[in-house]
Each structure stands twice: as structure tokens, then as C-alpha cells.
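Chain by chain, the residues run as shown.
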Amino acid sequence: MQSSESSQPVQIKLANPRGFCAGVDRAIKIVEMAIEKWGAPVYVRHEIVHNRFVVDGLRERGAVFVKELSDIPAEYRDRPVVFSAHGVPKSVPADAETREMFYLDATCPLVSKVHVECERRHEEGRHIILIGHAGHPEVIGTMGQLPAGAISLVETVEDAEAFQRPGDQPLAYATQTTLSVDDTAEILSVLKARFPELPDPHKEDICYATTNRQEAVKRLGEGSDLVLVVGSANSSNSARLVEVALRAGARDARLVDDASAIDWRWFDAVQTVGVTAGASAPEKLITDLVDAISARFDTTVIEDDGVREAVTFKLPRALVD
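Since the structure is predicted, the reported quantities are computational estimates derived from the model, not experimental observations.

K.L.:
Pulling in residues and values, what's your account of the overall build of the protein?
P.N.:
In terms of helices and strands, the protein carries eleven helices and twelve strands. The C-alpha radius of gyration of the protein comes to 21 Å, within 12% of the 20 Å expected for a compact globule of 321 residues. Across its three principal directions, the C-alpha atoms of the protein cover 65 × 55 × 30 Å. Computed over 35 positive and 50 negative side-chain charges, the inter-centroid distance for the protein is 3 Å.

K.L.:
If you had to explain the environment of Asp205 to someone new, which residues and values would you point to?
P.N.:
For Asp205, the position within the fold is in the loop between α7 (181-194) and α8 (208-222). Remark: the alpha-carbon pair of Asp205 and Glu117, spanning 88 residues in sequence, is separated by 9.5 Å. The residues touching Asp205, leaving out its near neighbours within four places in the chain, are Lys113, Val114, Tyr173, Ala174, Thr175 and Thr177. At 2.9 Å, the side chain of Asp205 and the backbone nitrogen of Thr175 are in polar contact.

K.L.:
Kindly report on a negative patch on the surface, identifying the contributing residues and their values.
P.N.:
A grouping of Glu155, Glu158, Asp159 and Glu161 is seen on the molecular surface, where their side chains present a negatively charged patch. Structurally, the position occupied by Asp159 is in helix α6 (residues 157-162). Classification of Asp159 by relative accessible area gives partly exposed; the value is 31%.

K.L.:
I'd like a rundown of the sheet that holds strand β5 (residues 103-105), residues and numbers included.
P.N.:
With parallel pairing, four strands are arranged side by side in an open sheet as β3-β2-β4-β5. The open sheet has two edge strands, β3 (63-66) and β5, and neither has a second partner. Across the sheet, the mean angle separating the axes of adjacent strands is 25° when strand polarity is ignored. The sheet contact formed by strand β2 (residues 42-45) and β3 spans four bridges and is parallel. The residue bridging Val42 from the neighbouring strand is Ala63, located in β3.

K.L.:
Account for helix α1 (residues 22-38), naming residues and giving values.
P.N.:
If you check α1, its first and last C-alpha atoms are 24 Å apart, about what 17 residues at 1.5 Å a residue would give, namely 24 Å. For α1, the complete set of buried residues consists of Ala22, Gly23, Val24, Arg26, Ala27, Ile28, Ile30, Val31, Ala34 and Ile35. Just past α1, the residue Gly39 takes up positive phi, approximately 80°.

K.L.:
Describe the pairing of strand β9 (residues 226-230), and please don't skip the residues or the numbers.
P.N.:
In terms of residue burial, β9 counts as a mostly covered element, since five of its five residues are buried. With burial as the criterion, each face of β9 is covered, one bearing Leu226, Leu228 and Val230 and the other bearing Val227 and Val229. Sheet topology places β9 next to strand β10 (residues 252-256); five bridges connect them, and they run parallel. Each residue of the ladder has a partner; that of Val230, found in β10, is Val256. A crossover links β9 with its parallel partner β10, the connecting element being helix α9 (residues 236-248), and its sense is right-handed. Where β9 meets strand β11 (residues 272-277), five bridges bridge the pair, whose relative direction is parallel. Pairing of Leu228 across the sheet is with Val275, part of β11.

Here is what the cut-offs are and how they apply
- Residues numbered from 1 in each chain as written.
- Predicted model: local features only at pLDDT ≥ 70, side-chain atom pairs only at ≥ 80, totals over all residues.
- Heavy atoms only, no water.
- Helix = DSSP H or I, 4+ residues; strand = E, 2+ residues; numbered from the N terminus.
- Rg over C-alpha atoms; globule rule 2.2 N^0.38 Å.
- Lys, Arg positive; Asp, Glu negative; His and termini not counted.
- Charge placed at Lys NZ, Arg CZ, Asp CG, Glu CD.
- Contact = heavy atoms within 4.5 Å.
- Polar contact = N/O pair within 3.5 Å; in protein donor to acceptor, adjacent residues only side chain to side chain.
- Patch = residues over 30% accessible without salt bridge, like charges linked within 9 Å, V, L, I, M, F, W, Y side chains within 5 Å.
- Areas by Shrake-Rupley, 256 points an atom, 1.4 Å probe, with all protein chains shown as cover.
- Salt bridge = Lys/Arg side-chain N within 4 Å of Asp/Glu carboxyl O.
- Buried < 20%, exposed > 50% of the residue type's maximum accessible area, 1.4 Å probe, protein only.
- Pairing = 2+ DSSP bridges.
- Axes fitted to C-alpha atoms, helices over the stretch in contact; angles between N-to-C directions.
- Expected span 1.5 Å × (residues − 1).
- Right-handed = clockwise from strand over helix to strand, strands pointing away.

See the structure below:
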């Protein structure tokens with residue numbers, strides 16, 4: 001496409017897969033369908049997914065985002081409440097029931113799988129090591145499935161080296177679903193060297209969508225001068241894609257909310273730009289970004305022949321009955 005501003009040739013390589021995963025798609029549909037079925041407002045505890053564009057769009061349709069259930073005014077406590085895709089501590093639905101609130105749980109089923117695994121290992125008498133990022137809603141939700149002290153958080157290789165077993169308690173581990181596959185492997189290698197008896201979860205905790213998007217961005221990074229990852233700064237899986245791209249060989253990699261966040265100086269001497277998106281970023285943002293690049297440069301667009309995802313998750317029965 002001939003640019004109106006520059007004849008600099010730029011090849012755009014689109015990652016595949018990219019953008020929405022099944023868990024994010026399900027969570028957004030839950031909010032949309034709740035608004036359609038019961039009208040506005042529908043309250044959502046925390047951001048339904050970590051993407052400003054998605055959250056703003058749902059807000060325009062009638063979703064009201066709150067930090068805690070106590071933030072919902074008393075006169076609106078008969079309205080539906082949706083829990084975010086990241087999962088919540090057990091205390092949250094218990095609080096909703098105490099307040100006699102009707103709630104819909106949009107927790108990604110793959111996060112729920114981690115919760116179930118942690119509970120099962122706890123019932124076996126094991127202490128859980130959770131590999132994840134402190135303060136992330138998913139980590140808060142997972143740690144909140146068990147009594148205080150039943151889970152120890154490990155964020156880094158250094159944490160893994162410093163971790164001390166509580167007494168003689170047997171151990172198990174779980175991971176946040178949106179971590180860097182390579183970083184997690186390094187942490188696990190340290191833990192398993194120290195505690196060879198550590199059992200693996202029944203299924204890998206890092207979700208298929210995170211793994212697939214990281215593999216796709218590795219292919220981009222190998223041959224790109226610049227990789228642009230569409231996603232919000234508080235999106236763990238999006239931030240990991242930037243790190244993976246740089247590790248794979250990209251000269252530069254940036255996380256951008258949307259096309260308006262591009263600093264065009266990044267394109268100095270760039271011949272190939274890789275474009276991908278975190279699992280909570282809609283395709284429209286990717287299309288707009290490609291269009292913005294094409295408006296400035298003489299571009300050709302190539303789409304990677306990556307994994308084609310066909311995963312879907314069931315919606316809550318209250319929405320489909």
C-alpha cells in the first residue's frame with residue numbers, strides 16, 4: 001500500500017494466533033448478555049478483562065465497574081454482579097451471598113482448573129507453591145481459595161532458591177495461567193532440583209492461549225526490527241509477549257494500548273514490524289494499528305500461518321436458560 005507520508009517500505013507480519021482467547025471472549029459475553037437480559041446497570045467487580053478499550057465499551061453499554069461489592073449502592077444490590085475473568089477469592093462469592101446479591105462468575109475455566117487443583121493438593125496435606133506475580137488479580141484469587149498460609153508465592157528464580165518448606169509438609173505447585181513459559185520453566189527447574197518429589201499438575205497450568213501467543217511472537221521476534229504488542233499495561237499476558245519478542249531477537253518491542261500510542265520515531269530504519277496482541281485485546285485494535293502503519297509507509301502485510309484455535313467455553317446457565 002503506497003503511503004501518503006513516506007515511501008519507506010515496511011513489511012508487517014501479523015502473528016497467529018493473536019488477540020482474544022476463549023476465556024476472555026466468554027467473560028465479555030457474560031457482561032453483554034447480562035445487560036441484554038436484565039438491563040443496565042450490571043455491576044462488575046474489577047475490570048472484566050485487562051483492556052481499557054473493552055472496559056470502556058462495556059461501560060458505555062451499562063456496565064458499572066467497582067473495586068469491591070461494598071461499593072455497590074444499597075438501592076442497586078438487587079442488580080446482577082459479574083466477577084472478572086481472573087477469578088476471585090472464596091470470600092467474594094461468600095460476601096455476595098451474605099448481601100443477598102445475584103452474581104455471575106466469569107472466571108476463566110482454565111483459572112478455575114488451577115483453583116480446583118490447589119484445593120485437591122491442599123486436601124492431600126500438601127503446601128502449595130504458587131508461581132506468579134504478586135498483586136495480580138488471578139494470584140489474589142488463587143491464593144484466596146485456601147486458608148491463609150497454605151500457599152507460598154514464588155515470583156522469581158531467586159524466590160525459588162530462597163523458599164523454605166514449612167516444617168516437613170509435602171509440597172505441590174501451581175502457576176498463574178499467563179506467565180512466560182520460559183521464565184516459569186527456569187523457576188520450576190530450581191524448585192524441582194531442590195524438591196525432586198514435586199508432583200506436576202494433572203494438566204499444564206499456563207493456558208493454551210498464553211503458550212500459543214508466546215510461540216507465535218517468538219516467530220515474529222526472530223525476523224523483526226520492531227514488534228508491537230497491542231494490550232494494556234496491566235495485562236500480564238500482553239507484557240510477557242514484549243519480553244518474549246525481545247528474547248527471540250527483535251531489535252525493539254513495545255506494548256501499546258492502540259494505534260494512538262505509537263511513537264513513529266520507533267520506525268526509523270525499520271523494514272519489518274511484527275504485530276500481535278494479548279489475549280484481552282480485540283481484533284479491531286489490531287486492524288486500526290495496521291491501518292495506521294499503512295497510512296504512513298509503503299506496506300505489505302503477511303499473516304503468520306500459526307495455530308488455529310477453536311476452543312470455546314460454556315456460558316453460565318442463568319444466561320442461557
